[in-house]
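Coordinates in review
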Amino acid sequence: MTTTLRPAGSEVRHDDGRRSRPYDICVNSRRVGGIQLATDARFGPTAGRIEALGVDAPDRHRGRATVAALAAEEVLRGWGCRQIELTVPADAEAAVRLSAALGYTERSRIMARALTRPGGLPDGSGDRPMSEAEYPVWLAAAVTERIRADTAQGMARERAERTEPAEHDALLPEGAATPGQVLRVLAHEGVDVGTLWLALRLPGQPGGYVMDMQVAPEHRGEGHGRSLMLVAEREALAAGRASLALNVHPDNAPALGLYRSLGYRTTAYRMWKPIL
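All residue numbers here refer to positions counted from 1 along the written sequence of the relevant chain. At least 70 in pLDDT is required for a residue's local features to be given in this predicted model, at least 80 for side-chain atom pairs to be given and counted, and no such filter applies to totals for whole chains, interfaces and linings, which use all residues. Calculation of side-chain values draws on the structure's entire complement of heavy atoms; hydrogens and water are dropped beforehand.

**A few points about the overall build of the protein**
A helix here means a DSSP run of H or I that spans at least four residues, while a strand means a run of E at least two residues long, and both kinds are numbered starting from the N terminus. What the protein contains, in helices and strands, is six helices and 13 strands. Referenced to the eigenvectors of the C-alpha coordinate spread, the extents of the protein come out at roughly 70 × 35 × 30 Å. A burial count over the protein gives 44% of its 276 residues as buried. Contacts: residue pairs with any heavy atoms within 4.5 Å of one another. In the protein, of all internal contacts separated by at least 6 residues, the share reaching a separation of at least 24 is 62%. All accessible-area figures derive from a Shrake-Rupley calculation using a 1.4 Å probe, and residue coverage is judged against the displayed protein chains alone. Carbon and sulfur atoms make up 53% of the accessible area of the protein, which totals about 14,000 Å². Only four residue types enter the charge count: Lys and Arg as positive, Asp and Glu as negative, with His and the chain ends excluded. To locate a charge, take NZ of a lysine, CZ of an arginine, CG of an aspartate or CD of a glutamate. Taking the 35 positively charged and 34 negatively charged side chains of the protein as two groups, their mean positions are separated by 8 Å. When accessible area is computed with a 1.4 Å probe and restricted to protein chains, residues below 20% of their type maximum are described as buried, those above 50% as exposed, and intermediate ones as partly exposed.

Take a look at the structure:
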């Protein structure tokens with residue numbers, strides 16, 4: 001029997017340049033599931049995404065999903081994509097195993113926890129709102145770091161240099177005073193040691209989301225990351241948010257250890273592979 005993909009709708013071209021199309025997964029022309037393919041809105045037309053893949057219950061465990069995923073690579077290669085991404089829920093164990101078997105590796109993971117009353121900051125530590133004078137310096141550093149991270153993941157530098165400032169401007173149109181966004185500075189013994197950017201409302205997120213957390217290099221390893229997370233939890237709870245989530249890279253062992261010690265658990269994996 002032959003498993004193939006058959007278009008299930010017209011290709012959609014979006015205003016931001018993204019393209020997408022649904023396909024039926026078919027065995028000898030019989031529909032057994034579906035898959036949704038798209039290019040990535042941030043990375044542009046050279047990055048494809050499998051946005052959804054499902055096989056009907058009677059046809060599972062027969063390799064249909066594997067063949068469909070491989071066929072999707074060919075479709076996206078034909079679109080000009082050079083890498084492919086997907087997000088897998090952490091509790092979807094079969095999908096996690098399939099992704100690994102097909103050569104996908106973890107790019108980052110989402111971690112989250114339900115919030116309870118946060119602990120207090122250590123003696124000598126305190127936080128304050130980021131001032132208007134501090135905001136431009138922080139913004140320039142944050143954008144520079146995001147450009148570095150994007151280009152390391154394969155985004156063209158020219159695109160990264162357009163995308164990151166535009167995204168920050170869209171999320172923070174009023175700077176540090178933007179409603180629904182929290183920017184705080186952490187100090188210890190009178191010295192500024194770190195910053196926090198917390199989004200209280202973000203599309204697709206049920207709770208608060210840590211957008212950026214930085215500890216000054218000369219003060220890392222002193223427990224200030226934990227203090228910043230306590231500030232984030234306090235601010236999220238004060239705004240009526242019941243949970244907090246964040247994105248972390250798998251090679252950032254200190255951050256992973258910190259989040260796990262605070263009770264955060266992985267909820268989804270962001271996977272990718274080149275398809276040159």
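**Section: the side chain of Thr 195**
Inspection of the secondary structure assignment puts Thr 195 in strand 10 (residues 191–199). By relative accessible area, which is 17% here, Thr 195 ends up buried.

**Concerning the nonpolar core**
By size, the foremost hydrophobic cluster in this structure holds 25 residues, and its most contacted members are Val 210, Met 229, Leu 244, Tyr 259 and Tyr 264. At the level of secondary structure, the elements contributing two or more residues to this core comprise strand 9 (181–188), strand 10, strand 11 (208–215), helix 5 (224–238), strand 12 (243–248) and helix 6 (253–261). Top contributing element to this core by residue count: helix 5, with five residues. For our purposes a nonpolar core is just a set of buried Ala, Val, Leu, Ile, Met, Phe, Trp, Tyr and Cys residues, chained together by side-chain atoms within 4.5 Å. One finds Tyr 23, Ile 84, Leu 86 and Met 271 within the second-largest nonpolar core, a separate group that totals 23 residues.

**Some details on helix 3 (residues 135–152)**
The span you would expect from a helix comes to 1.5 Å times its residue count less one. For helix 3, with 18 residues, the first-to-last C-alpha span of 26 Å sits near the 26 Å given by 1.5 Å per residue. Where helix 3 is concerned, the buried positions are Tyr 135, Trp 138, Leu 139, Ala 142, Val 143, Ile 147, Ala 149 and Asp 150. Seen along its axis, helix 3 keeps its buried residues to an arc of 165°; they face one direction. Across helix 3 from its buried face, at more than 90 degrees, point the exposed residues Val 137, Thr 144 and Ala 152. Taken together, the buried residues of helix 3 touch helix 4 (157–171), strand 9, strand 10 and strand 11. The first or second residue beyond helix 3 is Gly 154, which carries a positive phi of 105°. Working note: the arc is built from the helix axis to C-beta atom directions.

**Topic: unusual backbone geometry**
Even without being glycine, His 61 reaches a positive phi, approximately 65°. The topology assignment puts His 61 in the loop between strand 5 (44–55) and helix 1 (64–78). Phi is positive for Glu 189, close to 50°, though the residue is something other than glycine. Note that Glu 189 resides in the loop between strand 9 and strand 10. Using a relative accessible area of 59% as the deciding quantity, one classes Glu 189 as exposed.

**Observations concerning the packing of helix 5 against helix 6**
Structural elements are reduced to axes, namely lines fitted to C-alpha atoms, with helices fitted over the stretch in contact, and the angle between N-to-C directions of any two is expressed from 0 to 180 degrees. Closest axis-to-axis distance for the helix 5/helix 6 pair is 10 Å, and the angle between their directions is 50°. It follows from the interaxial angle that helix 5 and helix 6 lie oblique. Helix 5 and helix 6 meet at a crossing whose hand is right-handed. Taken together, the residues of helix 6 that come into contact with helix 5 (itself represented by Gly 225, Arg 226 and Met 229) are Leu 258, Tyr 259 and Ser 261. To sort the angles, those under 35 degrees are grouped as roughly parallel, those over 145 as roughly antiparallel, those from 65 to 115 as roughly perpendicular, and the leftovers as oblique. In this scheme the handedness of a crossing depends on how the near helix is turned from the far one: anticlockwise by less than a right angle means left-handed, clockwise means right-handed.

**Side note on the environment of Arg 62**
Among the structural elements, Arg 62 can be located in the loop between strand 5 and helix 1. Residues Arg 62 and Thr 3 lie 59 residues apart in sequence; the distance between their C-alpha atoms is 11 Å.

Functional significance is not addressed by these values, which are geometric in nature.
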